[in-house]
Amino acid sequence: RRRRAGWLDIPLVKYSALVNGFDSLNLTKLDVLTGLKEIRVCICYRSADMTEIRLPRGYFPSHLKDLEKIIPEYETMEGWTQDI
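Since this is a predicted model, take the numbers as computed values, not measurements. (Residues numbered from 1 in each chain as written. Predicted model: local features only at pLDDT ≥ 70, side-chain atom pairs only at ≥ 80, totals over all residues. Heavy atoms only, no water.)

(A) Layout of the overall build of the chain. Within the chain one finds two helices and three strands. Reading the helices (α) and strands (β) of the chain from amino to carboxyl end gives β-α-β-α-β. In terms of C-alpha radius of gyration, the chain reaches 15 Å, well past the compact-globule figure of 12 Å for 84 residues. Here the C-alpha coordinates of the chain stretch approximately 40 × 30 × 20 Å along the principal axes. The buried share among the 84 residues of the chain stands at 17%. Roughly 7200 Å² of accessible area belongs to the chain as shown, and the carbon and sulfur atoms make up 51% of that amount. Averaging the coordinates of the 13 positive side-chain charges in the chain and doing the same for the 12 negative ones gives two points 5 Å apart. (Helix = DSSP H or I, 4+ residues; strand = E, 2+ residues; numbered from the N terminus. Rg over C-alpha atoms; globule rule 2.2 N^0.38 Å. Buried < 20%, exposed > 50% of the residue type's maximum accessible area, 1.4 Å probe, protein only. Areas by Shrake-Rupley, 256 points an atom, 1.4 Å probe, with all protein chains shown as cover. Lys, Arg positive; Asp, Glu negative; His and termini not counted. Charge placed at Lys NZ, Arg CZ, Asp CG, Glu CD.)

(B) Inspection of the side chain of glutamate 73 at higher detail. Within the secondary structure layout, glutamate 73 lies in strand β3 (residues 70-78). With relative accessibility at 15%, the residue glutamate 73 sits in the buried group. At 2.6 Å, the side chain of glutamate 73 forms a polar contact with the side chain of arginine 46. Sequence-distant contacts of glutamate 73, defined by excluding residues within four places in its chain, comprise Val41, Cys42, Ile43, Cys44, Tyr45, Arg46 and Arg54. (Polar contact = N/O pair within 3.5 Å; in protein donor to acceptor, adjacent residues only side chain to side chain. Contact = heavy atoms within 4.5 Å.)

(C) Representation of the packing of aromatic side chains. A full pass over the atoms with the stated rule returns two aromatic pairs. With centroids separated by 4.7 Å and ring planes inclined at 25°, the aromatic side chains of tyrosine 15 and phenylalanine 60 adopt a geometry described as stacked. With tyrosine 15 in helix α1 (residues 10-20) and phenylalanine 60 in the loop between β2 (38-47) and α2 (64-67), this residue pair connects regions lying 45 residues apart in the sequence. Relative accessible area serves as the criterion here: at 17%, phenylalanine 60 is assigned to the buried category. One aromatic cluster is present, built from ring pairs that chain together Tyr15, Tyr45 and Phe60. (Phe/Tyr/Trp six-rings, centres within 6.5 Å; stacked < 30°, edge-to-face > 60°.)

(D) Layout of the environment of proline 61. Within the secondary structure, proline 61 sits in the loop between β2 and α2. For the pair formed by proline 61 and tyrosine 15, sequence separation is 46 residues and the distance between their alpha carbons is 9.4 Å. Among residues more than four places away in sequence, those in contact with proline 61 are Asp66, Leu67 and Ile70.

(E) Examining the sheet that holds strand β1 (residues 8-9) more closely. Pairing is mixed in the open sheet, where three strands are placed in the order β1-β2-β3. Of all strands in the sheet, those bounded by a partner on one side alone are β1 and β3. Bridging between β2 and β3 involves nine bridges; their strand directions are antiparallel. In the strand pairing of β3, cysteine 42 is matched with tyrosine 74. Along the sheet face, α1 touches β1 and β2 and points at about 70° away from the line of β2. (Pairing = 2+ DSSP bridges. Axes fitted to C-alpha atoms, helices over the stretch in contact; angles between N-to-C directions.)

(F) Focus on the side chain of serine 47. Its location among the elements puts serine 47 in strand β2. Setting aside its immediate chain neighbours within four residues, serine 47 contacts Ile53, Leu55, Lys69 and Ile71.

Take a look at the structure:
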């Protein structure tokens, strides 16, 4: 069946770990990505005003207004076709 999934956002995961204090992560439902030609992972953010400038590593905005002013930068990886 058709599903909708968002790309993994590493800076958001790191921020969530910092705020919530967890030290491990369990990825589930990776099988729904089977058949996609490419998988994208957000690795950092850029300022919407200055897209050539990467924001500091580990940066995550603390206010929604600031969140509206960033652009995610994705790393694209090859997908897979066989069931996992």
